[in-house]
Amino acid sequence: MSGLDTREQAVESDAFLAASGVTMRFGDHVAVRDVTLGLARGQVVSIIGPSGAGKSTFLRCVNFLEIPTAGTIRVGGTSLTVGPGTRPREKDIQPLRRKLGMVFQNFNLFPHLTVLRNVSLAQERVLGRSPAEAEARSMSLLERVGLADKASAYPGRCSGGQQQRVAIARALALDPAVMLFDEPTSALDPEVGAEVLAVMKELAGEGMTMLVVTHEMAFARDVSDRIVVMVDGAVVEAGEPHKVMSDPEHPRTRGFLSAVLGR
Amino acid sequence: MFQYTGYILAGVVGTVAITVAAFLIGAVLGVPLAVASRSAYRVVRWPAISVIEVFRSVPNLVWLFLVFFGLPEVGIRLGPWATAIITLGVTSSAYLAEIYRGGFSGLGQGQWLASKALGLTTWDRGRYVLAPQLARVVSPTMATYAISLLKESALASTIGVVELTFRGGLVAQRTGDGLTTFVVVGLVYLVLSLPLAYTSRRVDSRLRAKFSVG
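Small disclaimer: the values here were computed from a predicted structure and weren't measured.

Cut-offs used in this document
- Residues numbered from 1 in each chain as written.
- Chains lettered and ligands numbered in written order.
- Predicted model: local features only at pLDDT ≥ 70, side-chain atom pairs only at ≥ 80, totals over all residues.
- Heavy atoms only, no water.
- Helix = DSSP H or I, 4+ residues; strand = E, 2+ residues; numbered from the N terminus.
- Pairing = 2+ DSSP bridges.
- 1 Å grid on protein atoms, 1.4 Å probe; cavity = no way out; pocket = protein on both sides within 12 Å on 5 of 7 lines; lining within 4 Å.
- Points joined across faces, edges and corners; volume = space filled by probe spheres on them.
- Expected span 1.5 Å × (residues − 1).
- Buried < 20%, exposed > 50% of the residue type's maximum accessible area, 1.4 Å probe, protein only.
- Arc of directions from axis to C-beta.
- Nonpolar A, V, L, I, M, F, W, Y, C, P; charged D, E, K, R; others polar.

Student: It is not clear to me how the environment of A:Pro251 should be interpreted in this structure. Could you clarify?
Tutor: Counting through the fold element by element, A:Pro251 comes out in helix H10 (residues 251-261). Taking the C-alpha atoms as reference, A:Pro251 lies 9.3 Å from A:Val236; in sequence the two are 15 residues apart.

Student: Help me understand the pairing of strand E1 (residues 15-26) of chain A, please; the structure alone is not making it clear to me.
Tutor: Each regular strand carries side chains that alternate between the two faces of the sheet. All names here are of chain A. Here E1 pairs with strand E2 (residues 29-40) via eight bridges, running antiparallel. Following the sheet pairing, alanine 15 is matched in E2 by alanine 40. Relative to strand E4 (residues 70-75), E1 runs antiparallel, the two being bridged by five bridges. Residue pairing across strands places serine 20 opposite threonine 72, the latter belonging to E4.

Student: Which parts of the structure should I look at to understand empty space enclosed by the protein?
Tutor: To find leftover empty space, one rolls a probe the size of a water molecule over the atoms. Scanning the model with the defined rule gives one cavity of 30 Å³ or more in all. Roughly 110 Å³ of volume is contained in the largest cavity. Forming the boundary of the largest cavity are 16 residues, of which A:Gly101, A:Met102, A:Ala171, B:Ala117 and B:Leu118 lie nearest the centre. Those elements that provide at least two residues to the lining of the largest cavity are strand E6 (100-103) and helix H6 (160-172) of chain A together with helix H6 (109-117) of chain B. By residue number, the principal contributor to the lining of the largest cavity is E6(A), which donates four residues.

Student: When you look at helix H5 (residues 131-144) of chain A in this model, what are you seeing that I'm missing?
Tutor: Each α-helix turn comprises 3.6 residues. Residues three or four places apart therefore point the same way. Residues and elements named next belong to chain A. In a regular helix each residue adds 1.5 Å, so 14 residues correspond to 20 Å; H5 covers 20 Å between its end C-alpha atoms and thus fits that length. For H5, the set of buried residues is Ala134, Ser138, Leu141 and Leu142. Down the axis of H5, the smallest arc covering the buried residues is 100°, so these residues share one side. Exposed positions of H5 whose direction lies more than 90 degrees from the buried face are Ala132, Ala136 and Glu143. Two residues or fewer past H5, glycine 146 is found with a positive phi of approximately 75°.

Student: What exactly am I supposed to notice about the layout of surface pockets here?
Tutor: All names here are of chain B. Estimated volume of the largest pocket: approximately 410 Å³. As for the largest pocket, its lining consists of Val35, Arg38, Ser39, Ala40, Tyr41, Phe104, Ser105, Leu107, Gly108, Gln109, Trp112 and Leu130. Elements represented by at least two residues in the lining of the largest pocket include exactly helix H5 (80-107) and H6. Sort the elements by how many residues they give to the lining of the largest pocket and H5 lands first, with three residues. Classifying every residue of the lining of the largest pocket gives seven nonpolar, four polar and one charged.

Have a look at this one:
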């Protein structure tokens, strides 16, 4: 089965981000079922699949916002394994989390801080940068996402697309090795989502390693190096975008694609 | 009757003292109560919620009588001032805990997740992300509560605390002019609560103009 292929890729030594055997149970419900996948440095992988397939839960397991029931996550030389009876403490998780930036569906900017403070806060508190250093870095990132003029505005005064671009800048400000995107355009109108996708495309072009949960089939097809299909908490298929999109092997993938692409 | 105005006004000190002291006790005790009532552990959460509900369901006047007239029977004897401050302080903790709880749930999980993902420590998350937003969300409701507590403090007159209402009662008896006396007393309460209401409105709208929580 194709699930096995993905497992083999993950154990390849060139995998920069490797998730193996990640399982997340909520009581009797298994939200994520033994998911194994790997990303080489600079690779962009999109996770697609029907709603409720456990894609977002899996992504949250990668940076331990949800503590998986079992599994190992490795980024570069930093890894963390959990299993029954081992619950990692905050300080065990921290080294891994520092290598991962995350962008959420609902942006989750801090509404009581200006755009600039949103991007600077964690640089000062987590990386220990001086306020001046942090501000300089924030401004250069805001410029990069086209929002330098919004630096002193509060998030409530920004459109959804602008907020999401600020959220991307906020995550990038900590110099993550890998960026995780959790349906970054699902809360946006299509034309606004396009601004966000453009920023993501640019990032991918610059060689950022990215793991993206998305419903944007065009983005998944055009920007990612690989597509992973999740159904009912498990990876049912993984491969090159064109292969998965045009000639899917798994019946569930075929069903999902025909539903979203309307064919 | 107006020669007694000064005597009535002197009651402001007592009324304000009871209100401020009870509010501070409630604001402090309310924090652990609110946190406990949201605990993931049933053995912590359940007692906290019960305490909140019991305090809120029985009238403050009954609590005052219970403490002032009831507790001496089991050997706990508190003076009128101590009874008023402690009783109103403890019941306030339940009301304020409920206000804090509402604030917590209004913030949503996203703020917590985002600040975690950024690698902020638990302390920093509380200090830079949660507390300022919580303060913004709960301060108008807390101000409203402070005003109602100011009025509740009049209950202390029933157990012999010489505050505003008690003094009004004495003056009314002495002069026989209950109408004028209690109009004056009422005006004093009004004057005390208006600045509180005004300040909280202003602070609220200023913060609202700056950013919207949501």
